[in-house]
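# Analysis of the macromolecular model
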Amino acid sequence: MKHYGIPVYAIHGESHKTYYKHINQALDAKPHLTMDDGCDLVTTLHQSRRKMIDNILAGTEETTTGVIRLNAMAADGALQFPVIAVNNSKTKHFFDNRYGTGQSTIDGVLRPPIC
């Protein structure tokens, strides 16, 4: 993503310490939307970066485990902004679960041919 000027904070095989360092680096960019995978970023916001929550409009969560964590937060009244469970999307279900093709179908329709 460096060619597009988009900062990426992740490396393959990172340690637990580095993983959370990367989460905090992403939050240092002061996002207005979150895209999470496991609810670690949202949990970090709610536990140690609470001052940032007022600037968050909404978010998405990819994993079932993350959605379980978010539902528990919502039930406790702790979740401070709306989060969409990506797996509950009818479009994702239609492409990913029904045909087993995932993003590649949508990507193939949207991208112009190379040749």
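Not measured: the values here are computed from a predicted model. (Residues numbered from 1 in each chain as written. Predicted model: local features only at pLDDT ≥ 70, side-chain atom pairs only at ≥ 80, totals over all residues. Heavy atoms only, no water.)

Okay, the environment of N55 next. By the element assignment, N55 lies in the loop between α2 (40-48) and β2 (58-61). Classification of N55 as partly exposed rests on a relative accessible area of 46%. Once the C-alpha coordinates of N55 and P31 are considered, the two residues, 24 residues apart in sequence, prove to be 7.6 Å apart. In this view, N55 contacts P31 and H32; residues no more than four positions away in its chain are not counted. (Helix = DSSP H or I, 4+ residues; strand = E, 2+ residues; numbered from the N terminus. Buried < 20%, exposed > 50% of the residue type's maximum accessible area, 1.4 Å probe, protein only. Contact = heavy atoms within 4.5 Å.)

For any pair of aromatic rings, geometry is given as the distance between the ring centres together with the angle between the planes. For the coordinates displayed, the defined rule picks out one aromatic pair. Aromatic pair Y19 and Y20: ring centres 5.0 Å apart, planes at 90 degrees, arrangement edge-to-face. Exposure remark for Y19: the relative accessible area of 26% places this residue in the partly exposed category. For Y20, a relative accessible area of 27% gives the class partly exposed. (Phe/Tyr/Trp six-rings, centres within 6.5 Å; stacked < 30°, edge-to-face > 60°.)

Think of an α-helix as 3.6 residues a turn; residues three or four steps apart then line up on the same face. The end-to-end C-alpha distance of helix α3 (residues 64-75), which contains twelve residues, comes to 16 Å, matching closely the 16 Å that a straight helix rising 1.5 Å per residue would cover. Those residues of α3 that sit buried are G66, V67, L70 and M73. Take α3 and look down its axis: the buried residues cluster within an arc of 120 degrees, on one side only. α3 presents T64, T65, I68 and A75 as exposed residues on the side facing more than 90 degrees away from its buried surface. Once α3 ends, the next one or two residues include G77, with phi positive near 75 degrees. (Expected span 1.5 Å × (residues − 1). Arc of directions from axis to C-beta.)

So, about the pairing of strand β1 (residues 33-36). Residue alternation in β1 divides its side chains into a buried set, T34 and D36, and an unburied set, L33 and M35. Strand direction decides the pairing type here: β1 and β2, joined by four bridges, are parallel. Note on β2: the bridge partner recorded for M35 is T60. After leaving β1, the chain enters α2 and then returns to the sheet as β2, a path that is right-handed. (Pairing = 2+ DSSP bridges. Right-handed = clockwise from strand over helix to strand, strands pointing away.)

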